[in-house]
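# Working through the structure, step by step
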Amino acid sequence: MKKISLLLAFLGFIGLQVLFAQTREISGAVTSGEDGSSIPGASIVVKGTTLGTVTDMDGKFTLKVPTNAKALLVTFVGMVSTEVPLTGSAKYDIKLKSESISVDEVVVTALGITREKKSLGYSVQEVGADKIGNAQQSNVMNALAGRVAGVTIGSSTGTLGGSSRVTIRGANSVNGDNRPLYVVDGIPFDNRDFNSTDAARGAGGIDYGSMANDINPDNVETISVLKGAQASLLYGARGSNGVILITTKKGKSKKGLGVDVSTGITFEQVSLLPQYQTTYGGGYPFTEQVINGKTYNLPAYDLDESWGPKYEGQKYLAFNNLFDWEANGKKGDPETSLWLAPKHDVKDFFDIGVLYNTSVAVSGGDDKNTFRLSYTNEDNDGYMPKSNLKKNTVAFNGSSQVSAKLKAEASITFTRSDAVGRPVTGYDDNNVMQKFTQWGQRQLDMDILKNYKNPDGKQRVWNRTAWDNATPAFSDNPYWTRYENFNEDSRDRYYGSFGLNYEFAKGLGATLKVMRDGYSFRTNERTVIGSQAMSYFNDNVRVADETNYEFMVNYQKQIGSNLSVTAHAGANRMKNNYFRNSMATSGGLVLPNLFTVSNSKDPAVIDDFESHKEIQSVFANTSVGFKSMIYADLSLRNDWSSILPKENRSYLYYSAGLSFILTELPGLKENEILNFAKIRGSYAQIGNDNDPYKTRETYTNYAPNFAGVPRYSTPNTMPNNALKPEIISTWEIGGEFKFFNNRLGIDVTYYNKNTKDLITDVEISGASGYLYKTLNAGEMENKGIDLMISGTPIKTNDFSWDIFVSFNANKNKVLSLYKDVKNYRLTNGPFKATINAAVGQPYGAIMGTDFVYAADGEKVVDKTGRYLKTTAVKVLGTVLPDYNMGISNEFKYKNFSLSALIDIQKGGSYFSTSEMWGMYSGMLEGSVHQNGIDIREKGIILNAVYGKLNADGTVQLIDKTGANSTAAVKNSTSISAERFGGDYYSRADAQEVFDANYIKFRELTFSYTIPTRYTGFVKNVRVGIFGRNLAIWGLDNPSFDPESAVTSSGNIQGIEGAALPATKTYGFNLKFNL
Amino acid sequence: MKTYKNTLLKTLVLTLVLASCTKDFDVLNSSPNSPEKVPSTTLMVNAQFRLCQDIRDEWFSGRMVLPWVQYWAQINYTEEDRYQYRENSNNDAWKAIYTDLMDLQRIVELNTDAATKGDMLVYGANQNQIAAARILKTWVFNLMTDTYGPIPYHSVGTVDAEFQALSATAGIIGPVYAPQDKIYKDMIKELKEAAAQIDVNSPAFIEGDVLLNGDALAWKKFANSLRLRLAMHMRAKDKAFADQNITEAIAGGLMTTNDDNAIVEFETTATNASPMYQAFIVSARTDFAVAMPFIDLLKGIKGPFPTKVDPRLFVYAAPKGTKVTDVATGNFTAGTADAYEGQPYGVENHIASAIKVANVSLPFAPIQATYGEVFMEYSEVCFLMSEYNNWDQAWYIKGIRASMEKWGVPTASIDDYVAGLPAANQENVLTQKYIALYMQPHEAWTEYRRTGYPKTLIKPNTSYTSNYGTVYTFVPLVVDAKDLPDRIGFSQSEQLLNVDGYKSALAKLGGADNMLTKLWLFTK
């Protein structure tokens, strides 16, 4: 019988009901033990059966129970599960105690070990499903923004499933991975992204998003954030950047099948575009051209700049006039157009994106077996023309108590995503934003551009080489770009686990678990014949998998009445494999409309790569509690990593923590004001490895052969056969306090992290023969404060108001690199400025040339009236913010619920490539108006004094003629707007560095739960409307959302490059149970 | 409690089992993607291919030195023509060129190290491979020091505390810069030693030497010819030393025909095509045209050769109005000199933009896929010999003929051109040399700074009249620029990555780190 039911459970056909001959009916109500409010949706199961029900909107229930039934099991999320003995009575008033404010709160810690929160020496923060699903996030990470203290989230704006940069308590590593580890139901979850360095640095590419986007938010029950190494030590080195522990929804013991349905529609709309100028058109002054004896004004078709004539309704020969005339066989005279600002400007290029999301889950269980099977479908049309992402997820999990001692659990999730036309970002010819903001002509009307193709298939491009030559010069028609040169990708992702849990004796058990995560990801890009660029097609396949085998013994014992012990010991073996095969055409495509690599004119170019890595580990953890008041915690782990040389392969690390619950002290116990107080502290030292193949030198191949001979080169990175593991030391102290009947809660942590011996590919002088050297180099420090405040200012039976504030201020400093090396360049902007780890500076220092300042602080111009720039590069800002803060307010009135989240970032900087080129090319408003004056007519005199740079970098004051001067002479030389704009490129890099401050109205949700009495067999019907990123305030440069600089989850941040516009989303959703 | 102990024991056993199976980790951590040993031929072919792509590409050449010596001009966006180069172009070239040098240095090491020299023998005689690498390295260092002045330098034959480049494996990751005078003397010594160690009876490389086809004798001639060039470069600084080396170089055997030319010929496929084919056709950008002062010199409108149109005009450039795709396929008729017009040089963006592409001449031969990039050729040797022999007429004519023959000019046209040519003198020889050095802009730039020729180049802040009557002005973007740039500023990446090295460079430069500081070689 057991076997059969197990089988059935796994096949998802549970619902086996044991029939009893004799039943009786009971009824009752479930209420909150704290305030007496009724609890709708609580599950009531007759113990030992699958019989059960759910309370209605008023918390009431009726249930037929077998006469021989002994007890009821009452469960509700956030409440302590309670067993109610069945007496002869037919009526039961059941009070549930709230779990969330209970001192016995249990949290999920590393390796899925549940621990009493009060016993932990470190901070753990959980976010429940209610916070994740309500605004219909398509990305789990973004749901955390503003909700978890110490987690910094930069989410790219409006890319179809684009990247989010998540760091926990700052960056640890110079060029290693700083992303946290994602663990889904115990399975380490690959969170790489495959964005090229160019995509990350705004130099062009596609933001495919990180692989963590495969986590389906609809299935998430809770997210637990382990912030410090203390918390994540049992995950080994990979947990050193913190862990995002995701627990998915499971089946519950209850009567029959439960069906959860959730569906929603979300709209996405462009909310912030750069401030374009609307006074002057493209090119330079018109030139005249005689066609068929008539003279026409020609704009400079072949230029992608906007220094053209002022809009005055002049007649001119527009590109579309020429195309129409040519299509008509050049009969008669071409029509002309009027030189005016476009009626349909850039914003009309974008659609309103629509995301449909539907999720259905079936779950059930009896007291031995549970299961949950869910299906989610997402269909997302992006706001970019021709962009779509489809995602289908099927997830199953089940558990069975096979025997009294053996429990089996299994889960499998399968996700398929298919995307067409993901937006291209950065300085890329296929990024329409580059053409709209950095290089283009301002008079272009989207309605006219929309007709992008002639009937013969040729492109109607505004950027013609000449009036009599329709070949594109620099740019394609943006509609051609979107509808013809689109990319495609598809990904199959599967992850699952199988585990056995055996209980040898009370308090002693062992688990054996096998976990696997893998995917294959195929991407392709195309440039069709007839585009500006040479036609092209590429196809990339990436296959990754990771398997973890884990064995663990756990032990729990209460010794006497004062002492409790829990202990875990185990071993893990991790194997990680990765393979990539990239193929691309060369020299163009032969046949049009055939997108295969074999359609290549020249031999196709192939590049393949694989990597393998293994880590073996043993670990142990023990916690000893005294009088439920003092807890001591000790963890050890030893790793053997395949990437390190033999002698350094094995490394041991540890953590120790102490927790003291003050309110257990006799004098403080049962205190009316201070309900709970705990202080905690912990220390951990953790080792880390890096990527494989860094210990031995190999030659780099450059395909294809030249003169029939393969080309090999010494590598750019010099290997290191004496690599050691990185060492991360961290300590934290903190406290948790609850006041006024748990109406006010404070959780505060001060932490200090020090990382050293970082495995870093240190950039060295190219003149050494190598560009990088792999070294144990560098020491970095992060210290900061996490603060969470939760308050309930008002709470009555019908109405409640909750406030939650999360705050993190992190101070990062690069303490040293290697010997005399003072700087590590993370990347450089596509044209200027670099992002660096520089000694003495916070990680991510933006460096470049600065304005030159005279002794009195005035900027200095040369005798021609142009700003001077420093020869030496200087620190112009840092990408790391000073602090992040989230404030959320939640109001509940009867069945109505309203919540609002404000997300604040202060400090940090970014470099804007769009500002630079947009000014250079006369696209931005700043290239026309300065202080309300039309500088194209009047020119501009920069507010500065004359000077020149001496060889040693000091300033020599000069006068207008260039002669040396002892006194500062105020600049009186006017320069043209074109010169002024051009100098955004050619002069100081500081001109494009802006503060990354923002205040965002991150989220607003409003929902109503319809009382069951109106909905019949459909229960818990909840309708909601929501909006995200509804408003933004406090921008340094009103053209750009600082978050739009994020195009990667990796270390390369802080460069805006033709970023996609910021968007807002809004929509509604519906959830109900059957 | 017994079970507990058992379990602990089992865990311990499992631990030991796990720990003991790390022995295959060494295999697991050896790269499946790239080899630890390669034939030296693969390094040589890479170095020769990359040096062309890194030095003669659209950036380091096309947007820097090639326009500065006024062979080409940009059609739009003329900032770089006006001396405002992109810092990234400079950084990228610097890094790329040194990593190319590392491949050459590795060839020396593989042929020297007892553990590997035996393996390398199958690809060519050890001594010859070492010599070839030394010669090519010297060619590169010559270009680098002429560009920047003091540079990190490396010598195979000389141990010197100031020669620290390419020594990362010896622990030097921030090399100091060596002074230019010392570099010049050592480069000449390297060439002398390399030429001496060549065994002309064995091949230099059995394959992969696209520059000289593995011909050891050709390498020897290249070494002597380059030694002649370097000695002439510094003759004004130390005449005795230079003359001694010139005498030895001549005695050792110079290039004697165009067959001795050191040229990398490219292939027809997009990936293996010449650097400028990649710029114009693969990247689909028509950014450059032949510059007006150069076209006017070839047409005889300006300069010392007014009587005849130089027939190289029809190889160097395409008639105005020819579409780039037709230029690349040679699908046009040359016409007469009137069909050729240069792009005005040094004009501001809005002036440049008003000049239609159809009205100027695109380059022709250099944008063919199979174009050959010249490292050094016989015609240069002839002009050097003419100069060494006090502007010798015979060498002068030989140089012109050699150049024209290399560019494929028909003999009749050559005879006709040479017939009406003014006699050799300093201006005529050096101007002809300038014409012959087309597409070797770095050497042309060095010669301009050394000699002041040709006189046809347009100086910053001067106006000039085109043959169609329009007056143009060269508006430089570097304040106080009065002539061609004297050098390029050190790579900005060195400021960040090689702090001490950069300081040593400033100390040896003898001026500010900008384009206006004269190098030792060119100070009088």
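Throughout what follows, the structure given in this document is the object of discussion. As the structure is a computational prediction, the values presented were derived from the model and not from experiment. (Residues numbered from 1 in each chain as written. Chains lettered and ligands numbered in written order. Predicted model: local features only at pLDDT ≥ 70, side-chain atom pairs only at ≥ 80, totals over all residues. Heavy atoms only, no water.)

### Regarding the overall build of chain A
The following threshold applies: Elements are defined by DSSP. Helices are runs of H or I of four residues or more, strands are runs of E of two residues or more, and each kind is numbered from the N terminus. For a compact globule the rule gives 2.2 Å times the number of residues to the power 0.38, and the radius of gyration it is set against comes from C-alpha atoms. For the exposure calls, accessible area comes from a 1.4 Å probe over protein chains only, and a residue counts as buried if that area is under 20% of its type's maximum, exposed if over 50%, partly exposed in between. Two residues qualify as a contact provided that any one of their heavy atoms is within 4.5 Å of a heavy atom in the partner residue. Every accessible area reported is derived by Shrake-Rupley at a probe size of 1.4 Å, with residue values counting cover from the shown protein chains alone. By the counting rule applied here, Lys and Arg register as positive and Asp and Glu as negative, while His and the ends of each chain are not counted. To locate a charge, take NZ of a lysine, CZ of an arginine, CG of an aspartate or CD of a glutamate.
Looking only at helices and strands, chain A has 12 helices and 63 strands in total. Its C-alpha atoms give chain A a radius of gyration of 32 Å, near enough to 31 Å, the size a compact globule of 1074 residues would have. In terms of its C-alpha atoms, chain A occupies a principal-axis envelope of roughly 105 × 65 × 65 Å. The proportion of buried residues among the 1074 residues of chain A is 61%. Expressed as a percentage of contacts within chain A between residues at least 6 apart in sequence, the contacts between residues at least 24 apart total 70%. For chain A, the accessible surface area stands at approximately 39,900 Å², while carbon and sulfur atoms represent 55% of it. Computed over 112 positive and 111 negative side-chain charges, the inter-centroid distance for chain A is 5 Å.

### Some remarks on empty space enclosed by the protein
Residue and element names in this part refer to chain A. Note the following rule: Here a cavity denotes grid points, spaced 1 Å and computed from the protein atoms alone, that fit a 1.4 Å probe unable to get out, and a pocket denotes an open set having protein on both sides within 12 Å along at least 5 of 7 lines; residues with an atom within 4 Å of a point are the lining. Grid points are joined across faces, edges and corners, and a volume is the space filled by probe spheres set on the points.
Its volume calculated, the largest cavity comes out at about 350 Å³. Lining the largest cavity are 23 residues, with Arg165, Val879, Pro881, Val1046 and Gln1053 sitting closest to its centre. For the lining of the largest cavity, the elements supplying multiple residues, two or more each, are strand E11 (151-155), strand E12 (164-168) and strand E54 (909-912). Here the element with the most residues in the lining of the largest cavity is E11; it accounts for 3 residues.

### Overview of the packing of aromatic side chains
All names here are of chain B. Keep this limit in mind: Between rings of Phe, Tyr and Trp, where Trp is taken as its six-membered ring, a pair exists when centres lie within 6.5 Å; planes separated by under 30 degrees are stacked, by over 60 edge-to-face, and by other angles tilted.
Under the criterion given, the structure shown has 77 aromatic pairs over all chains. Their ring planes at 20° and their centres at 4.8 Å tell us that Tyr71 and Tyr434 sit as a pair that is stacked. Separated by 363 residues along the polypeptide, Tyr71 in the loop between helix H4 (61-68) and strand E1 (72-74) and Tyr434 in helix H19 (residues 426-436) bring together distant segments of the chain. Ring centres of Phe294 and Tyr316 lie 5.7 Å apart, and the angle between their planes is 15°; this geometry places the pair in the stacked category.

### Some details on the interface of chain B and chain A
Just so we agree on the cut-off: Note on terms: buried area is the combined drop in 1.4 Å-probe accessible area of two parts once they are placed together, counting the loss on both. Salt bridges are counted wherever a side-chain nitrogen of Lys or Arg sits within 4 Å of a carboxyl oxygen of Asp or Glu. We call two N or O atoms a polar contact when they sit within 3.5 Å, provided that within protein one can donate a hydrogen and the other can accept it, with sequence-adjacent residues counted only if both atoms are side-chain atoms.
At the junction of the two partners, chain B supplies 93 residues and chain A supplies 99 residues. Summed over both sides, the interface of chain B with chain A buries roughly 8,300 Å², with 59% coming from carbon and sulfur. Linking chain B with chain A are 5 salt bridges, by the criterion used here. Notably, a salt bridge pairs Arg696 of chain A with Glu36 of chain B, separated by 3.1 Å at the nearest N-O pair. The tally of links between chain B and chain A comes to 36 residue pairs in polar contact (both at pLDDT 80 or more).

### Quick notes on the packing of helix H16 (residues 378-388) of chain B against helix H17 (residues 393-406) of chain B
Residues and elements named next belong to chain B. Just so we agree on the cut-off: The axes are straight lines fitted to the C-alpha atoms, using for helices just the contacting stretch, and the angles between their N-to-C directions are given from 0 to 180°. Relative orientations are named as follows: roughly parallel for angles under 35 degrees, roughly antiparallel for angles over 145 degrees, roughly perpendicular for angles from 65 to 115 degrees, and oblique for any other angle. Note on convention: the crossing is left-handed when the near helix lies turned anticlockwise from the far helix by less than a right angle, right-handed when the turn is clockwise. Think of it as three bins: nonpolar holds Ala, Val, Leu, Ile, Met, Phe, Trp, Tyr, Cys and Pro, charged holds Asp, Glu, Lys and Arg, and polar takes everything else, Gly as well.
Relative orientation of the contacting elements H16 and H17 amounts to 165°, with a least axis distance of 8 Å. Overall, the two elements H16 and H17 adopt an arrangement that is roughly antiparallel. Crossing of H16 over H17 shows left-handed handedness. Contacts from Tyr378, Ser379, Cys382, Phe383, Met385 and Ser386 in H16 reach Trp395, Tyr396, Lys398, Gly399, Ile400, Ala402 and Ser403 in H17. Among the residues making up the contact of H16 with H17, the classes are represented as 8 nonpolar, 4 polar and 1 charged.

### Section: the sheet that holds strand E6 (residues 82-85) of chain A
Residues and elements named next belong to chain A. What counts is decided by this rule: Note on pairing: DSSP must find at least two bridges between two strands before they are called paired.
An order of E3-E2-E5-E6 is seen for the 4 strands of this open sheet, with the pairing classed as antiparallel. For this open sheet the edge positions go to strand E3 (52-54) and E6, each flanked by a neighbour on one side alone. Adjacent strand axes in the sheet meet at a mean angle of 20° when their direction is disregarded. Sheet topology note: the strand E2 (residues 43-46)/E3 ladder contains 3 bridges and is antiparallel. Bridge pairing in E3 links Ile44 to Thr53.

### Remarks on the nonpolar core
Inclusion rule: For this analysis, a nonpolar core means a set of buried residues of the types Ala, Val, Leu, Ile, Met, Phe, Trp, Tyr and Cys, connected via side-chain atoms within 4.5 Å.
One finds Trp72, Trp219 and Phe222 of chain B to be the most contacted residues of the largest nonpolar core, which totals 267 residues. Residue contacts for Trp219 of chain B: discarding those within four places in its chain leaves Met44, Gln48, Ala132, Ile135, Leu136, Ile198, Ala204, Asp209, Leu211 and Leu212 of chain B. Ile113, Leu245, Met552 and Ile643 of chain A belong to the second-largest nonpolar core, a separate cluster that totals 29 residues.

### Quick word on the pairing of strand E1 (residues 23-32) of chain A
Residues and elements named next belong to chain A. Of all 10 residues in E1, 7 are buried, a share of seventy percent or more. Of the pairings in the sheet, the one linking E1 to strand E7 (residues 91-96) comprises 6 bridges and is parallel in character. Bridge pairing links Ala29 to Asp93 in E7.

### Topic: unusual backbone geometry
Apart from glycine, the bulk of residues carry a negative phi angle, and the bulk of peptide bonds sit in the trans form. Pro704 of chain A follows Ala703 of chain A through a cis peptide bond whose omega is -5°. For the peptide bond that leads from Tyr453 of chain B to Pro454 of chain B, omega is 0°, which places it in the cis range. For Pro454 of chain B, the position within the fold is in the loop between helix H20 (441-451) and strand E5 (463-465). Here the phi dihedral of Ala707 of chain A falls at roughly 55°; this positive angle occurs in a residue that is not glycine. Structurally, Ala707 of chain A is set in the loop between strand E38 (700-706) and strand E39 (709-713). In the Ramachandran plot, Asn741 of chain A falls in the positive-phi region, its phi being about 55° despite a non-glycine side chain. Along the chain, the position of Asn741 of chain A falls in the loop between strand E41 (726-739) and strand E42 (744-756). A relative accessible area of 63% places Asn741 of chain A in the exposed class.

### Quick look at the environment of Ala419 of chain A
Residues and elements named next belong to chain A. Tracing the backbone shows Ala419 in strand E26 (residues 406-420). We classify Ala419 as buried; its relative accessible area is 2%. In this structure, the C-alpha to C-alpha distance between Ala419 and Ser1044, residues 625 residues apart in sequence, is 21 Å. In this structure, Ala419 is in contact with Asn388, Leu389, Asn487, Glu488 and Asp489, ignoring residues within four places of it in sequence.

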